[in-house]
Amino acid sequence: MSDVNKTLCPYCGVGCGLDAVPAKGVDQWRISGDRQHPSSQGMVCVKGATVAESLGKDRLIYPHFRQHLDAEFERISWEQAYDLLTTKIRQTIQNLGVNGVCMYGSGQLQTEDYYVAQKLLKGCLGTNNFDTNSRLCMSSAVSAYKLSFGSDGPPCCYDDLDLTDCAFVIGTNTAECHPIIFNRLNKQIKQNAKAKLIVVDPRRTKTAEAATLHLAIEPGTDITLLNGIGYLLWQWGKIDHDFIKTATNNSESYLELLTHYPPEKVAEICGITPQELEAAAIYWAESNNVLSLWSMGLNQSSEGTAKICSLINLHLLTGQMSKPGAGPFSLTGQPNAMGGREAGGLANLLPGYRSVANDGDRRAVEQFWQIPAGRIADQPGLTAWEMILGLEQRQVGVFWVAATNPAVSLPDLNRVKAALRNSLFTVVQDAYYPTETAAFAHLLLPAAQWSEKTGTMTNSERRVTLCQQFRSPMGEAKADWEIFAEVGKRLGFTEQFTFQTAADVYQEFSQLTGDRLCDLSGLNHEILAEFGPQQWPFLTGAKPTTDSKRLYLDRQFSSSDNRALFQPFHSNGLAEPPDPDYPFILTTGRLYGHWHTQTRTGRIDKITKMHPQAFLEIHPRDADQLGITAEDFIEVISRRGTARLPAKITTAIRAGTVFVPMHWGALWGHATEANALTHPEACPFSGEPELKACAVKLSRFVPD
Ligand code: SF4
């Protein structure tokens, strides 16, 4: 029998397949890329390659409890933990109503975990207060796909990276944040003399360094740029009349909007030259297959949905979609944000890309779950930020956090921490301790993690991979879905949670996706184990295949009349533009080696050596004006908080803009938290907060 364990990298949404092989020593594992995985073909970056090094460090392995936040945690049994939690849930429902119960989950959860949590919260309890950190990540992409195509669901696949002759990369530092995708794309660009790589980013990132054309726009001017490109394409007659006529609606409104975007005006607003703008439009116009890629630079914004719709508009205008090598392609932040969307893992969703606001969707799920009609609430639950407001108001009686670290990743962190301090009862379910959020917990539940539980994850190209368990959970840790199911049973829903294995959970979940765009009804753990990862749609009776699948090749979209919809938007600009008091724009982002809040990567020596500390990138002109040299610390102050960071003086950043990586929370160093500064204003469509830009002032800081 082979000693190779097939699994998936638990970090980003590229979804690289990994082989884990026992190595010399107790619980030592050699990790390499899985050459048979169709998405990654054996490639792996430093995060995936080193993931096993964090398995035994700082693990939470027993339940713990404390009465109040000033007390020490005491170890308790699972029996006591379940009693405490179910009692708190019952009391909360009695005192505050069912909407006093909230769960804040994560794109790190497996689909089985997500599904059982939806059934517990939305189906059995009757509250839609389940949201995840995908609210800070991909919810803008979800809402833009729905507005433009009638449903969530990225249309493209990774094979398109090999077929495009013009990659339009906006709001993503792909080389560092999705490195395996970037390697594949860069190879295609280099091998094809005519292929172009356009990168839109205020910073000269590693991605921008490889670009044919780098548009270093002013932060927050993306919509203006995209409409400006649309204007030129339209004026030049480089639009696809047949596609517009046969496959779209609302082109008249969009073309009217474009009249407001002549190139001189657009170039001035965006801080680029008219020639650079024209070059981007020429590359788009002259290419056979334009593939656009984006991630958090567009998503994490108070107008994230509008930015993405504006990008999709260009594809509809030019017919650059519904064919191989072309289309709008969101790069998912987390390993299973896609699976979470399939399972209904946001406060407005239900499994199978259904909506809580849709009567038919609610009825279908209620019948499937065999719960009384009307049990599922018809209003969206609290989003991530609304849960924080609920804690402030003491309208939340149980705040249950699973596999995420909001005390680092949410915006306006000082306010978030004060809200967490005000919480009546916070449960933190995690594989690691300490974390910044555990410092605010009353009850700690130890979760099994990657390698310790079996389940599925779906990557950015809609490919589902079975992640096999190959180690025992440490201590008394349990799979997240098992914890949710046990709580459900103890609350009286025994018939709804009879699952014995994760395979049972997936079997039930997949049946609920039949006839939906994300149809997985033919898929189960056995097929995935035998034939390897599979993309959806995977209908009942479908044959496993390694061939790539795309959506909408027939130009039949998911709207009621099967047409895509132009969604014209003007920009509102930054949620918080610079002014004389706060004259700089702060942007935030990620580094190659670290993942999110460092819960794993901060415990891996190779990565901490690679990125030993946070820093602030500043242009030499700005540094000069402030009297800052390369050895200095800089104090950064926004209207919400302060950070102190070593200066990194570089021309890679625009003058007037500064950059701070988002990975450092209170556990890894004082006053280096980027999110102490950021702005919580939310996108009206997606609820995605403005994590990417806010106004700050800077000064030289002299430590005592
Ligand atoms: Fe993991 Fe993403 Fe790196 Fe692949 S690119 S190994 S999925 S972190």
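Scope of this entry: the structure provided in the associated data block.

1. Overview of the site of the ligand
The environment of the ligand is formed by C9, Y11, C12, V14, G15, C16, V44, C45, K47, G48, P179 and I180. Of the pockets mapped on this structure, the ligand occupies the second largest cavity. Elements supplying a minimum of two residues to the shell around the ligand: helix 1 (46-50) and helix 6 (179-191). Residues of the shell around the ligand, tallied by class, amount to nine nonpolar, two polar and one charged.

2. Some words on the pairing of strand 18 (residues 443-446)
Burial along strand 18 is two-sided: L443 and L445 facing one way and L444 and P446 facing the other are all buried. Inspection of the sheet shows strand 4 (residues 64-65) paired to strand 18 by two bridges, in the antiparallel sense. Along strand 18, the bridge assignment pairs H64 with L444. Summarising the sheet, strand 17 (residues 426-430) and strand 18 pair through four bridges and their orientation is parallel. Across the sheet, V428 pairs through a bridge with L444, a residue of strand 18.

3. A word on empty space enclosed by the protein
Here the structure, examined in full by the defined rule, presents four cavities of 30 Å³ or more. Of the volumes computed, that of the second largest cavity is approximately 80 Å³. Every residue along the wall of the second largest cavity is listed here: C9, Y11, C12, V14, G15, C16, V44, C45, K47, G48, P179 and I180. Only helix 1 and helix 6 provide two or more residues apiece to the lining of the second largest cavity. Its residues assigned to classes, the lining of the second largest cavity shows nine nonpolar, two polar and one charged.

4. Describing the sheet that holds strand 2 (residues 17-22)
Spatially, three strands are ordered 1-2-3 in an open sheet, and the strand pairing comes out antiparallel. The sheet is open, and its two edges are formed by strand 1 (5-8) and strand 3 (29-33), each paired on a single side. Ignoring which end each strand starts from, the neighbouring axes of this sheet average 35° apart. Both strand 2 and strand 3 contribute to a ladder of five bridges, which runs antiparallel. Each bridged residue has a counterpart across the sheet, and for A20 the counterpart in strand 3 is I31.

5. Here's the deal with the packing of aromatic side chains
The description of two aromatic rings rests on the distance between their centres and on the angle between their planes. Across all of its chains, the model carries 20 aromatic pairs by this definition. Geometrically, the ring pair formed by Y552 and F557 is tilted, given 4.7 Å between the ring centres and 40° between the ring planes. Residue Y552 is classed as buried on the basis of its relative accessible area, which comes to 5%. Under the relative-accessibility criterion, F557 is labelled buried at 2%. Pairwise contacts between aromatic rings join Y145, F149, W294, Y552 and F557 into one cluster.

6. Describing the sheet that holds strand 12 (residues 290-294)
One open sheet holds the five strands; their spatial order is 10-9-8-12-13, and the pairing between them is parallel. Each end of this open sheet is capped by a strand with a single partner; those strands are strand 10 (213-215) and strand 13 (327-330). Pairwise comparison of adjacent strand axes, ignoring direction, gives a mean angle of 15° for this sheet. With five bridges connecting them, strand 8 (residues 166-170) and strand 9 (residues 196-200) associate as parallel partners. Residue pairing for strand 9: A167 is matched across the bridge by L197. Along the sheet, helix 6 makes contact with strand 8, strand 9 and strand 12, crossing strand 9 at roughly 135°. Where helix 12 (residues 274-286) meets the sheet, it contacts strand 8, strand 9, strand 10 and strand 12, and its direction lies at approximately 130° from that of strand 10.

Basis of the calculations
- Residues numbered from 1 in each chain as written.
- Predicted model: local features only at pLDDT ≥ 70, side-chain atom pairs only at ≥ 80, totals over all residues.
- Heavy atoms only, no water.
- Near = heavy atom within 4 Å.
- 1 Å grid on protein atoms, 1.4 Å probe; cavity = no way out; pocket = protein on both sides within 12 Å on 5 of 7 lines; lining within 4 Å.
- Sits in = over half its atoms within 2 Å of the grid points.
- Helix = DSSP H or I, 4+ residues; strand = E, 2+ residues; numbered from the N terminus.
- Nonpolar A, V, L, I, M, F, W, Y, C, P; charged D, E, K, R; others polar.
- Buried < 20%, exposed > 50% of the residue type's maximum accessible area, 1.4 Å probe, protein only.
- Pairing = 2+ DSSP bridges.
- Points joined across faces, edges and corners; volume = space filled by probe spheres on them.
- Axes fitted to C-alpha atoms, helices over the stretch in contact; angles between N-to-C directions.
- Phe/Tyr/Trp six-rings, centres within 6.5 Å; stacked < 30°, edge-to-face > 60°.
- Contact = heavy atoms within 4.5 Å.

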